[in-house]
Amino acid sequence: MNISTVGIVGAGTMGNGIAQACAVSGIRVVMVDIAQAAVDKGLVTVGKGLDRLLQKDKISEQEKAAALGRIQGSTNYDELKAAQLVIEAATENHALKNKILAQLDGLLAPEVIIATNTSSISITQLAAVTQRPDRFVGMHFFNPVPMMALVEIIRGLQTSDATHDAVKDLAVRLGKSPITVKNSPGFVVNRILVPMINEAFFVLAEGVATPEDIDAGMRLGCNHPIGPLALADMIGLDVCLAVMEVYLEQFGDSKYRPCPLLREYVAAGHLGRKTGRGVYHY
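What counts as what
Residues numbered from 1 in each chain as written. Predicted model: local features only at pLDDT ≥ 70, side-chain atom pairs only at ≥ 80, totals over all residues. Heavy atoms only, no water. UniProt positions renumbered as here; feature names shortened; annotations may be inferred. Helix = DSSP H or I, 4+ residues; strand = E, 2+ residues; numbered from the N terminus. Pairing = 2+ DSSP bridges. Axes fitted to C-alpha atoms, helices over the stretch in contact; angles between N-to-C directions. Buried < 20%, exposed > 50% of the residue type's maximum accessible area, 1.4 Å probe, protein only. Right-handed = clockwise from strand over helix to strand, strands pointing away. Salt bridge = Lys/Arg side-chain N within 4 Å of Asp/Glu carboxyl O. Expected span 1.5 Å × (residues − 1). Arc of directions from axis to C-beta. Contact = heavy atoms within 4.5 Å.

When the UniProt feature table is mapped to this numbering, "domain: 3-hydroxyacyl-CoA dehydrogenase NAD binding" (unreviewed entry) covers residues 5-183. Helix makes up 41% of residues 5-183 and strand 22%, whereas the separation of the span's terminal C-alpha atoms amounts to 26 Å.

Turning our eyes to something else, we now look at the sheet that holds strand β7 (residues 150-155). Across the sheet, which stays open at both edges, the 8 strands sit in the order β3-β2-β1-β4-β5-β6-β7-β8 with mixed pairing between neighbours. Edge positions in the open sheet fall to β3 (71-74) and β8 (177-182), since each of these has one partner strand only. With direction set aside, neighbouring strand axes in the sheet form an average angle of 25 degrees. When strand β4 (residues 85-88) meets strand β5 (residues 113-116), the two strands line up parallel, connected through 4 bridges. The residue bridging Glu88 from the neighbouring strand is Thr116, located in β5.

The next thing to look at is the UniProt feature "domain: 3-hydroxyacyl-CoA dehydrogenase C-terminal" (unreviewed entry) in the chain. Mapped onto the present numbering, the UniProt feature "domain: 3-hydroxyacyl-CoA dehydrogenase C-terminal" (unreviewed entry) falls at residues 186-282. Secondary structure across residues 186-282 comprises 62% helix and 0% strand; the distance between its end C-alpha atoms is 28 Å.

A few words now on the pairing of β5. Of the two faces of β5, the one carrying Ile113 and Ala115 and the one carrying Ile114 and Thr116 are both buried. In terms of handedness, the path from β4 via helix α4 (residues 94-107) over to β5 forms a crossover that is right-handed. As paired elements, β5 and strand β6 (residues 136-141) share 3 bridges and run parallel to each other. Bridging from a neighbouring strand, Ala115 pairs with Val137 of β6.

With that settled, consider the pattern of salt bridges. Summed over all chains, the structure comprises 8 salt bridges. Asp238 is paired through a salt bridge with Lys274; the nearest N and O atoms lie 2.9 Å apart. Here Lys274 lies in the segment after α11 (260-267) and Asp238 lies in helix α10 (residues 237-251), a separation of 36 residues in the sequence. A single network of salt bridges, built from pairs that share partners, joins Glu88, Glu92 and Lys97.

Turning our attention to helix α6 (residues 161-173). Think of an α-helix as 3.6 residues a turn; residues three or four steps apart then line up on the same face. For α6, with 13 residues, the first-to-last C-alpha span of 18 Å sits near the 18 Å given by 1.5 Å per residue. Three or more residues of α6 are buried, namely Thr163, His164, Ala166, Val167, Leu170 and Ala171. Angular distribution of buried residues about the axis of α6 spans 165 degrees; they occupy a single face of the element. Counted as exposed and oriented over 90 degrees from the buried face of α6: Asp161, Ala162 and Val172. On the buried face of α6, the contacting elements are β1 (5-9), β4, β5, β6, β7 and β8. Count one or two residues on from α6 and you reach Gly175, which has phi positive near 80 degrees.

Quick look at the structure:
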C-alpha cells in the first residue's frame, strides 16, 4: 500500500509529534482534534519542534516551510477521508478510544488502515470495535516522537500480514526502527518500564532515598539518561497510573498494584511537567 496521507486523531503531545515526523518525511498529514484551540496548540508545537531542527542544521528554512505546508489541522473528521492510514492518538482511556475508533470505522473507506498509539490497551479488543479487524494494528510511538527511534508494531489476533507490513514500512520511511510485538498488556517497553517507575514511587514512599538520589542512582548505576521519577513527570503521572491499573486488571497479579503515593499525586493534580508539578516542580 502506498501511504501518502496519514490522518491523526489527537493534536496533543503524541499526535503533534507523529504529525511532525510524518511531515518532515514528506508525508501529508491531516491532524484532527475536537477543539480548534487544541489543533492550534498542536500546530504551534510542531512549529517549535521544526525550529529546533533548524537551529541544529538538521533541516533548512525551505524544508521547514514545506513540512508545515504538509500539515492540515481540523476539527472535522470528514477531512480524514483523504488518508490511507489513520492513527488514533487520543488520551489513554479505553471508552474514549472505543468511541473514536467506531466513529472512524464508519467514516473511512474499507481499505483504509486504522492504527492506535495506545501504550497499554489490548489491540485485539480495540480492533473488535471495528468492522476491519484485519486492517487494525498498534503503532506505538515514544515521546518525544521526533527524537525517539523506536516504534512498536503490535499485532492483534486479527491483524493481517499486509497491514503489519504497511505500517512497518511507514515507520522505516519516518526514520524509525520498528519492532514487531505480540498483543499483550504494555507490549514490550512499557511492560518493563512502567512497573519500574511504580517501584521507584514505592522506594520514595518508604523514605529509602530522596527523589534526587533515586534518580541519580538509576542514572549513574544503570546508565539511564533520565531517572524514573523525572521520567514519570515527563510521561505524566496520570498516564503511569492508568497503565498500572490496566496491568493489574489484565494480569490479575498484585505485583502490578499502583503505589498509593502515585495515586496521591494524581489525586492532587500533580501530574508532572504538563501541570508544572509532579514529583518535581517545574
